[in-house]
Every structure is written in structure tokens, then in C-alpha cells.
Amino acid sequence: MTTITVRPGNVSLDELQDIYWNDLAVTVDRSCKAGVDAAANLIASASMGDEAIYGVNTGFGKLASIKIKPDDTATLQRNLILSHSCGVGPAVPERIVRYMMILKLLSLCRGASGVRWSLIELLEQMLERGVTPVVPSQGSVGASGDLAPLAHMTAVIIGEGSANYRGNQLPGRDALEAAGLQPIALGPKEGLAFINGTQFSTAYALAGLFETWRCAQSALVASALTKDAIMGSTAPTRPEIHALRGHRGQIEAAAAIRAMMEGSQIRESHREDDERVQDPYCIRCQAQVTGACLDLLRQAATTLEIEANAVTDNPLVIVDTGDIVSGGNFHAEPVAFAADQIALAIAEIGAIAQRRVALMVDPALNYDLPTFLTPEPGLNSGYMIAEVTTAALMSENKHLANPCSTDSTPTSANQEDHVSMAAHGARRLERMVENLSNIIAVELLCAAQGIEFRAPLRTSDTLQRIIDRLRADVPSLKEDRFLANDLAGAGTLVRSGVLVQHSGVAEHVHLGATA
């Protein structure tokens, strides 16, 4: 497994993407060790003192007023992990668990959490050797941190819970020993440092962001194909229009569509004497809608990049002053908002893509393409029900896009009386992206079929490369066949990013904060 070295507090969005897409292991720059050790020493001293310090020598949550004896602090931390391992539901994908572990590592290594360096090393070794805790997907309300999922992660560190190792699910201790590692008993505050934090929500939100961005790029590819298939006008992509409005995403989306369509014979064939004055909005406003979604995703990316580098446990150790301060960085409201933004973008990209599919299969709107894009309508139904599938997926995503951040409920005997709901807000993105990728897949199939019906006129070289790559996996639809396999094949291409690579879209549209 490939391992990269990162600098806690300064991990870039590009690095976060690289870690996610390539499932990298991480080791931290050793320059952070001094700060980690200093914070750990302050916690060790405080645990032996008379002053009550939350989470160090007190109970937790509503039990914070109960003072714990120094001899019981290790038991306190162990009990914390065991009692908080209350997750339910399907297991989180290993890739997301590993990403969560990396984000926790980055947070602890800022030197404000008070954990010992040996725990940092154990996390690194678990990542490198492929020991991945089994974490149930449900149980967090996004404050006080992602308690239940992070407790399941931490349980393996102390030899409890269960973990996946080399394809087998084993008890936590056995998984560690199989990898040549040993569990570590937690010291003062260390259990709290591990389970207070937003890393579960942030891992899911970042995964949703990166997957959605790839789908957004694929949607631009599909929309360019659709524009040519229905003989749409390229006038609405003129740069002057978008410069006058000034939104970056809109400008870039229009540029990408223009570039992909450059040199299309189909486009040139109807510049003159076209009876249509304007295209429907799903064609004419492609850049405005998808571009706005690109900008929304960039706003979410800014928030999540900050959160990935943040310290989000409690209390925090201020090494410079020697203070141990109770705060509320564990509240995942920023992540919840970011997840809601991503969900809105997913829903809207899918909504306008679905309308393009509906346009292409409708003989009243598709400018002389055959009904349902089949050579012999009636005997064959073509893409009739594929369009219905996109409508179902679009509607489902609209429902899922309702905000999670506006919900809250008091927990922990009203001590934790406002929560973010970031966890399921971020987790739903996985399902939404899957739906979106399938909507785009159907659009790609319909648009490629439509362009092929325009022969002998040819599309642009760029769009033809995309069609050729699609046809390598999914042949043209000459007559009805079992279509689920076609949709699955096209969906795989969308999610892999292969078609984006063939399109050149990334030259115009990228996730970074600046052009």
C-alpha cells in the first residue's frame, strides 16, 4: 500500500483528493511530534492534580460534575469507548473508515488533543498494514462529535470491537496481532480525544464532494453530446454572455461545452434556416445551472478543507499557555451545511440532466430523432423506460436533498441540546451520487444514440472519442434487449471518470479555489 507524508494543519484539497481516489495510507511529518508530546505532558500532569478538568478526571456529558480518582482514569477512558460503541446499521465501507482514520490522525497531530505519540504511531501502522475497524453507519447526530462511529474505530485500538484484515473480519485484538501490532491502553483524556470530533461526517462529506465533482464533469460531457444530438444551438455558450454575468462556474461550464463541440458537422448543418428560435432551458441554460452547482460545490470544498485540518475534540490543550479549555469544536454544523450544499448540487445536476433525457426521447421535441431513439418504434420501446428510471432517480434525489442541518433534537439528558445531524446528512450523499451517476449514464446512452442517427453528419472529434469509448462497453441499441446491463456499464464509466478524461473537461473545470 502506498504511503504519503502529510503536514497536519496544512493538507491541501488536492492532497485530500489524492488520498481518497488512490486509497493511500498516511504518515505525518515528524515536525508535529514536539507539539503532540507537550500537550500529552500537560494532560498527564493535570490528571494527577486536584482541579476538576472535563474529560481528564471527570465523567462525561451530564456526568461531568463527578470527579474521578487518578487511579481510575484509565478505566474511565476504556469505559468511555466501550459504552459509546453503540452504532447500528450496515458497516461503513472500508475506504470511508480508512479516510476517517486519516482525518482523525491529522486532527490529533495538531498538538492540542493531549494524546501520546504511541497512539499516533499505532494509527499510522494500522493504515499502512490494512487493519480497518468495522464501524456501523448509524448512531451519530453530529455533536458532541461523531461519538458512536469514532468509538467503534477506537475500540480496535484498545483490542476490542472488530476489524477487517486481509479479507477477514476478526476481533479487534486478533486483527492487530495478525498485523504484528499490539493494542494500547488509553490514558487520561485519550478516549475522549478519539471520539470527540467530526471525522466520520467529514470523511463522508469529502467522499460525496469528490464523487459529485466527477459526476458534474460527466454531466457537462453528457450535456454537450445531448446538445449535438438534438441539434441545439451553441450561441448560448458564447463567452460574452457568461462574462457579463461573471460567475466562475458558469463561465467554465460554457467554455467546456464550446470546446467539446468545436468542429461538429452536425452543429454547422443547422446554423442557417433552422425553424427553431430558442432551445428549451435544459439545453440553453446548461452552463447557468451546472455552473451554479460547480460554484456551490467549491463553497462546500472550502469548508471541508478547513475541517479536514481542524482540531475538533474537547477539551483542547493550549500548549503555549498551559491551559486546558473546554469548548465546542466538536459541533459539526459547518460539515452539515456543506453536506446540504452538496446534496442541492446533486439534485439540480440530476434534475436538468433528466429533462435532457426526456427531450431526446420525445418526438415532439427532439428535432426529427425517432421516438424513444429506436430505429423501429412500436415493435421496439427503445429508451422509453430508461427515461422513466431517470425520473424516479431524480425524484428520489429531490427528496433526499431536503436539508439535514435544520433538524436538531436534545440528547444526553439535555446537556447536548442542539446537534448538527451532519452524519446522516453526509452519509446520504453516497446514495444520491449513485442515483446521479445513473441519470447521467442514461443521458450518455441516449445522446450517443441520437448522434448516431444524424449520420452521415459527424459530431466533433472530441465527442466522437467519447462515443467510441462508450461503445467499447455498450453497443448501439438496434433493437430491444435487456437494458439493465447497458445502464450498469454506462454508470460504471461515469463513476470511473474515464469519459471525463477523454473529453478535456478537466482543462476548463477543476475543483480548486482559484483558476
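Keep in mind it's a predicted model, so treat the numbers as computed, not measured.

1. Thoughts on the side chain of Glu387
1) Next: Mapped onto the secondary structure, Glu387 falls in helix α16 (residues 384-400).
2) Next: Notably, Glu387 is buried but unbridged: the nearest opposite-charge side chain belongs to Arg355, and the N-O separation is 4.9 Å.
3) Next: When neighbours within four sequence positions are excluded, Glu387 is seen to be in contact with Gln354, Val357, Ala358 and Val361.

2. A closer look at the environment of Pro370
1) Next: By the secondary structure assignment, Pro370 is in the loop between α15 (333-361) and α16.
2) Next: Once the C-alpha coordinates of Pro370 and Gly382 are considered, the two residues, 12 residues apart in sequence, prove to be 9.6 Å apart.

3. Quick look at the layout of surface pockets
1) Next: The volume enclosed by the largest pocket comes to roughly 440 Å³.
2) Next: Surrounding the largest pocket, 22 residues form its lining, His84, Leu147, Ala148, Ser412 and Glu416 being those nearest its centre.
3) Next: The set of elements that each furnish at least two residues to the lining of the largest pocket consists of α3 (73-84), α6 (147-157) and α8 (190-195).
4) Next: Within the lining of the largest pocket, the residues separate by chemical class into 11 nonpolar, 10 polar and one charged.
5) Next: Its volume calculated, the second largest pocket comes out at about 310 Å³.

4. Thoughts on the packing of helix α1 (residues 13-22) against helix α9 (residues 199-229)
1) Next: Contact geometry of α1 with α9 gives a least axis separation of 11 Å together with a crossing angle of 90 degrees. Overall, the two elements α1 and α9 adopt an arrangement that is roughly perpendicular. Between α1 and α9, the contacting residues are Leu13, Leu16, Gln17, Tyr20 and Trp21 on the first element and Leu206, Ala207, Phe210, Glu211 and Arg214 on the second.
2) Next: For the contact of α1 with α9, the per-class residue count stands at seven nonpolar, one polar and two charged.

What counts as what
Residues numbered from 1 in each chain as written. Predicted model: local features only at pLDDT ≥ 70, side-chain atom pairs only at ≥ 80, totals over all residues. Heavy atoms only, no water. Helix = DSSP H or I, 4+ residues; strand = E, 2+ residues; numbered from the N terminus. Buried < 20%, exposed > 50% of the residue type's maximum accessible area, 1.4 Å probe, protein only. Lys, Arg positive; Asp, Glu negative; His and termini not counted. Salt bridge = Lys/Arg side-chain N within 4 Å of Asp/Glu carboxyl O. Contact = heavy atoms within 4.5 Å. 1 Å grid on protein atoms, 1.4 Å probe; cavity = no way out; pocket = protein on both sides within 12 Å on 5 of 7 lines; lining within 4 Å. Points joined across faces, edges and corners; volume = space filled by probe spheres on them. Nonpolar A, V, L, I, M, F, W, Y, C, P; charged D, E, K, R; others polar. Axes fitted to C-alpha atoms, helices over the stretch in contact; angles between N-to-C directions. Parallel < 35°, antiparallel > 145°, perpendicular 65-115°, else oblique.

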